[in-house]
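Coordinate analysis (summary)
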Amino acid sequence: MDKLPDSIKKIFIDKNQDKSLPDNLFAVCPGCQEIVYRPKLEQNLGVCPLCSYHFRISVDEWINFLADADSFTSLFDEIVSVDPLNFPGYKEKLEELYKKGINEGVKTGYVKLDGIKTLIGIMDADFIMGSMGSVVGERITRLFEYGMNENLPVIIICRSGGARMQEGVVSLFQMAKTSAAAKKFSDTGNLYISILTDPTTGGVSASFAFLGDIIIAEPGALIGFAGQRVIEQTIKQKLPEGFQRAEFLEKKGFIDIVCDRRKLRETLVKILEIHRYRR
Amino acid sequence: MKKEKILKQIDKLKSIAISEGIDLSSEINRLRGMLELESDEYKKEKEIEEVFSIVQNSRKIERPKPQDFIKSLIKDFIELKGDRRFANDDAIIGGIGYFDKYPVTAVGIQKGHTLNENITFNFGSPHPEGYRKALRLAFQAEKFSRPILFFVDTPGAYPGIDSEERGMAQAIAENLYYLSDLKTPIISIITGEGGSGGALALGVSDILIMMQNAILSVISPEGCASIIFKDSSKAAAAAVSLKLTSFDLLSLGIVDKVIDEGPGLDVDPQIGYRNLTEQISTSLAYFTSLNSKELIEHRYQKLRKIGFYKDTTGFVKKGLNKSKNFIYELFKF
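Residue positions within a chain follow its written sequence, with the count starting from 1. Each chain takes a letter, starting from A, and each ligand takes a number, starting from 1, following the order in which they are written. Local features are withheld for residues below a pLDDT of 70 in this predicted model, meaning they are given only at 70 or higher, and side-chain atom pairs are given and counted only at 80 or more; totals for whole chains, interfaces and linings count all residues.

Helices and strands together make up the secondary structure of chain A, namely 10 helices and 10 strands. Each radius of gyration reported is based on C-alpha atoms, and the globular scaling rule is 2.2 Å times the count of residues to the power 0.38. Taken over the C-alpha trace, chain A has a radius of gyration of 19 Å; the compact-globule value for 279 residues is 19 Å, and the two agree within 12%. Buried positions account for 48% of the 279 residues belonging to chain A. What counts as a contact is two residues whose backbone-derived C-beta atoms lie within 7 Å of each other. Of all intrachain contacts in chain A linking residues separated by at least 6 positions in sequence, the fraction that spans at least 24 positions is 64%. Secondary structure elements are taken from DSSP: a helix is a run of H or I of four residues or more, a strand is a run of E of two residues or more, and numbering for both begins at the N terminus. Exposure criterion: with C-beta atoms placed from backbone coordinates, a residue whose C-beta has 20 or more other C-beta atoms within 10 Å is buried, one with 12 or fewer is exposed, and one in between is partly exposed.

In structure tokens, the structure reads:
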């Protein structure tokens, strides 16, 4: 990358790009610092072809990568956020996001995976860090209730900073609400697969994210309860390398499978089949 | 300060108007307008001051802590330790005893009155094994059909390397999951500081009770101020925005009952204890009369209703106060 003249870098590489897929034609991989070509990256499901770094991908990209073509039907889009506490700046923020066309912290619906019908929830980090407020809580709860009535499996792709502060204790209790729904769903004998992606922390990790019958994580994903900065400030020491990463949690026994995104679809289909969900 | 000055000015103008016989009403009205503006700001400041004093009160070291509640309210208390998996967490005390005539399981988060106590109790911040101990005792209570009393006072679950290694998120999630349909009555009482997920893990219940000067919040006011307002000195203002006082939460429909503390638990806990005892007795009598199916359904619906959103297909859900009152009427507390 250093060999490229600055004038070219400026054109192709967005300096403000974070860990998401780049808008520009080229991107610097946060994993190996090499330059990757966007169409190639897309072909590779947002995984760096050189070092297997998993870029964060959007809800639509998830649907494209995972589901059978044109099989996604969204559910519960009609529920939208309000500002129950009159929290400073929240209403304006919501308006701004809705204007941009982002639907909420989670998109829910059903899809087909290799012909098998399954319910799916995909969290959207572009909506206030994918934080869980009333709407996220309600949609996840309805997803479980829908699954229990229709005997369908539920897959949730988690990616969230935690509870949504702007809704105060109301959002805290979404943790209890979604967990109670997950329990009720589980009692009907249906399968819930939770997929933890970068990052899954706080109130989401401490509720439905860790309640899957099978918990899958993406390589390198940050997963935990407390934020790293908070821990560092509390214990006043640097955190060890790889702390709170998917591989760390797998080693500690909290995750079933760390699964490369390129193998995720076939893994999910196999799991669904083993649980006797049919085409 | 300013307010008094304006009031004096108005009085002065009034007396001049009377003694000199001049019409000064427009001037007086202008001053009155200023007074109203002033009083809005004044009210806001006052509110911030009041709410933050509740936050500070909830954390007072003199305030009785959950272990004191257990000592005072539970007869023949026998402490039971350990999570049977990793260790015993001193931040959580649990055991069995009598409340009135009822054998109960009581679990509380311990907070110290002295520095030494606080070091032992980790300042009331449990590790995962603490929550797992609580869940173990909850299952035991279910087996023997004992009601459960949770006493909650914590700044939050402990954010440390060891906590994460042993799965704090998983431990809290599991508590929420299994407590949601545990087949025995659960009464949860926030006695002091209700710090986020660490408090919620013992807050899933049939009735959520809050002591008058307790708080319950998704994040500490200090944390909220530094994240949202990018200024940790705005903690007091953040506390107001978070709606974390007992009466705020009662009107939001999150908390079911607020217990009058009389002069304040830190001054004299007896009145608070007595009022709480009365409430627990009423609730126990009611919830032990339900069969387990009714109990579980009531608990599920109680959680299910929490949330504020707009359904754009036409039906606007305003909140839960109405539906909540409806449940109350149904069950007649």
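Here the focus is the pairing of strand E8 (residues 192–200) of chain A. Residues and elements named next belong to chain A. With nine of nine residues buried, E8 lies mostly within the body of the structure. By this definition, two strands are paired if DSSP reports at least two bridges between them. As defined by bridge partners, strand E7 (residues 154–160) adjoins E8 across six bridges and the pair is classed as parallel. Paired with Val-154 across the bridge in E8 is Tyr-192. With respect to chirality, the unit in which E7 leads through helix H6 (residues 168–187) into the neighbouring parallel E8 is right-handed. Across four bridges, the pairing between E8 and strand E9 (residues 214–217) is parallel. For Ser-194, the partnering residue across the bridge sits in E9 and is Ile-215. The crossover handedness rule: strands pointing away from the viewer, path from first strand over the helix to second strand clockwise, crossover right-handed.

Right, let's talk about the domain arrangement of chain A for a bit. Residues and elements named next belong to chain A. As used throughout, domain bounds are those supplied by an automatic or database domain assignment. Taken domain by domain, chain A consists of domain 1 (1–55) and domain 2 (57–274). Look at where the C-alpha atoms of domain 1 and domain 2 centre, and you get two points 26 Å apart. Listed as interface residues are nine residues of domain 1 and, on the opposing side, 10 residues of domain 2. Three residue categories are used. Nonpolar comprises Ala, Val, Leu, Ile, Met, Phe, Trp, Tyr, Cys and Pro, charged comprises Asp, Glu, Lys and Arg, and polar comprises the others, including Gly. Each residue belonging to the side of domain 1 that touches domain 2 can be placed in one class, and the counts come to five nonpolar, three polar and one charged.

Often, the extent of an interface is quoted as the loss of accessible area on bringing the components together. With 46 residues of chain B at the contact, the number on the chain A side is 49 residues. Counting only elements with at least two residues in the side of chain B that touches chain A, the list comes to helix H6 (161–165), helix H7 (168–179), helix H8 (196–200), strand E7 (215–217), helix H9 (221–228), helix H10 (235–242), helix H13 (292–304) and strand E9 (309–311) of chain B. Among the elements that line the side of chain B that touches chain A, the one with the most residues is H7 of chain B, at seven residues. Tallied by class, residues from the side of chain B that touches chain A come to 27 nonpolar, 12 polar and seven charged. Two elements, strand E4 (residues 79–81) of chain A and E9 of chain B, share three bridges in a ladder whose sense is antiparallel. Bridged to Val-80 of chain A within E9 of chain B is Lys-310 of chain B.

The next thing to look at is the environment of Asn-24 of chain A. Residue and element names in this part refer to chain A. With respect to the helices and strands, the residue Asn-24 is situated in the loop between helix H1 (6–12) and strand E1 (26–28). Residue Asn-24 is classed as exposed on the basis of its C-beta count, with 12 C-beta atoms lying within 10 Å. Considering only alpha carbons, one finds Asn-24 and Tyr-37, 13 residues apart in sequence, at a separation of 9.1 Å.

A few words on H9 of chain B. All of the buried residues along H9 of chain B are Pro-221, Gly-223, Cys-224 and Ala-225 of chain B. Residue Lys-230 of chain B follows H9 of chain B closely and has a positive phi angle near 55°.

So, about the sheet that holds strand E6 (residues 116–123) of chain A. Residue and element names in this part refer to chain A. Read from one edge to the other, the open sheet built from seven strands follows the order E3-E5-E6-E7-E8-E9-E10, with strand pairing classed as mixed. Two strands close off the open sheet at either side, each with one partner strand: strand E3 (73–75) and strand E10 (257–258). Here helix H3 (residues 59–66) sits on the sheet in contact with strand E5 (106–113), E6 and E7, set at roughly 10° to E5. Helix-sheet contacts for helix H10 (residues 261–274) involve E5, E6, E7, E8, E9 and E10, and the interaxial angle to E5 is about 75°. Orientation is described by axes fitted as lines to C-alpha atoms, over the contacting stretch for helices, and by angles from 0 to 180 degrees between their N-to-C directions.

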